[in-house]
Each structure stands twice: as structure tokens, then as C-alpha cells.
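Understanding the architecture of this molecule
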Amino acid sequence: MRIDAGLIIGIVLEFVIMLYFSNSTLKPKKNYYISATIAFVGYVILFILSLLNLIAVNIISFVIINFLIFIIGYRINLKTAIIRVAWLMLFMFVGESAVSYILKISFNLGFMINITPQQSMLITIGGKLIYFSAVYIMRRTVKGK
């Protein structure tokens, strides 16, 4: 189990970015507070699962949890939810892969324990900056509320 500032900040930033995107492009089923609570619970679960340090688990749980947040918390059809989750996953992958490539850090679908806290923080900050930039551009191009 690896807990460092990069992991904690990464989950918090993912939550904020997801909430920004969802609340600016979708209508909630009931109200924004309930949708935000659903997203918060989802990201707490995502954080707990990320403590396993298994990249495959992180990827699968990211997809499932974001899909469930969209379906349970927002007025969105199944096809659109799948497409948006796929885009979010792609943006996340590109961001973290680009930073990892620049830092010459290789990942496999196994454990991530061999990275240092400094590398974790660099991947988090750089990867989430790219992730947010892509989500921001997508938000500007997607038909909103």
C-alpha cells in the first residue's frame, strides 16, 4: 500500500475536474448537491481502491465509478455516458502517459510501488494539468445544458 501526497492530490483533482465537467455540461437528476455527493462517494471509493496500487484496478474502477456517477447523478443516456467516460479515460491516460514518458518512468499493469513520492507528485501535477486542459476543451465543444 502506497499513500503519498501525489495520490491524495490526484484523487482530489480528478474529483474536482469530473465535477466541473459534469455540472457544466449535464443536468442533475435531483439537484447539484445530490449529484456532487454521489460523485464524492464515488471518488472516496476510487481512492480506497487506488491504495491497492494496481494500475489495472485503477483503470477499471475509474471507468466504472465515473460511469455510475453519470448514470446515477445526472440526466444522461447510456450511450452518451459511455462515450464521455471513454473520453475522460483517454484524457487521463494521455496526460499521465505523457508525463511518465518525459520522466522516463515505465508502468506495467502490475504494481506502481517502485515510483518515488516526487515522481508521483510530478505525474499527478503534470498529468492532471493535461487532463484538465483536455476536459476544458471538451467542455467547450460539447453541447451543454
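Here we summarise the structure given alongside this text. (Residues numbered from 1 in each chain as written. Predicted model: local features only at pLDDT ≥ 70, side-chain atom pairs only at ≥ 80, totals over all residues. Heavy atoms only, no water.)

1. Concerning helix H1 (residues 5–25)
- End to end, H1 covers 30 Å across 21 residues, agreeing with the expected 30 Å (1.5 Å per residue, within 8%).
- Two or three places before Gly 6, at the opening of H1, Asp 4 has a side-chain oxygen 3.1 Å from that residue's backbone nitrogen. (Helix = DSSP H or I, 4+ residues; strand = E, 2+ residues; numbered from the N terminus. Expected span 1.5 Å × (residues − 1). Polar contact = N/O pair within 3.5 Å; in protein donor to acceptor, adjacent residues only side chain to side chain.)

2. Let's talk about the packing of aromatic side chains
- Applying the stated rule across the entire model yields 5 aromatic pairs.
- Here Tyr 20 and Phe 132 contribute two aromatic rings whose centre-to-centre distance is 5.7 Å and whose plane-to-plane angle is 50°, an arrangement assigned as tilted. Highlighted residues: Tyr 20 in helix H1 and Phe 132 in helix H5 (residues 117–141), separated in sequence by 112 residues.
- Taken together, a centroid distance of 5.5 Å and an interplanar angle of 40° make the contact between Trp 87 and Phe 91 tilted. Taken together, the residues Trp 87 and Phe 91, both in helix H4 (residues 78–102) and 4 residues apart, mark about one turn of the helix.
- The exposure class of Trp 87 is partly exposed, given its relative accessible area of 41%.
- A relative accessible area of 12% means that Phe 91 is categorised as buried.
- Through pairs of rings, three or more aromatic residues link up here, namely Phe 15, Phe 40 and Tyr 43. (Phe/Tyr/Trp six-rings, centres within 6.5 Å; stacked < 30°, edge-to-face > 60°. Buried < 20%, exposed > 50% of the residue type's maximum accessible area, 1.4 Å probe, protein only.)

3. Things to note about a nonpolar patch on the surface
- A surface patch of nonpolar side chains, about 540 Å² in accessible area, is lined by Ile 83, Trp 87, Leu 90, Phe 93, Val 94 and Ile 130.
- The dominant element in the nonpolar patch, judged by the number of residues it contributes, is H4, at 5 residues. (Patch = residues over 30% accessible without salt bridge, like charges linked within 9 Å, V, L, I, M, F, W, Y side chains within 5 Å. Areas by Shrake-Rupley, 256 points an atom, 1.4 Å probe, with all protein chains shown as cover. Salt bridge = Lys/Arg side-chain N within 4 Å of Asp/Glu carboxyl O.)

4. Here's the deal with the packing of H1 against H5
- It is at 9 Å that the axes of H1 and H5 come closest, and there the two elements cross at 5°. Considering the angle they form, H1 stands roughly parallel to H5. Where H1 approaches H5, its residues Ala 5, Gly 6, Leu 7, Ile 9, Gly 10, Leu 13, Glu 14, Ile 17, Tyr 20, Phe 21, Ser 24 and Thr 25 are matched on the opposing element by Ser 120, Met 121, Thr 124, Ile 125, Lys 128, Tyr 131, Phe 132, Val 135, Tyr 136, Met 138 and Arg 139. (Axes fitted to C-alpha atoms, helices over the stretch in contact; angles between N-to-C directions. Parallel < 35°, antiparallel > 145°, perpendicular 65-115°, else oblique. Contact = heavy atoms within 4.5 Å.)

All we've got here are geometric facts, nothing functional implied.
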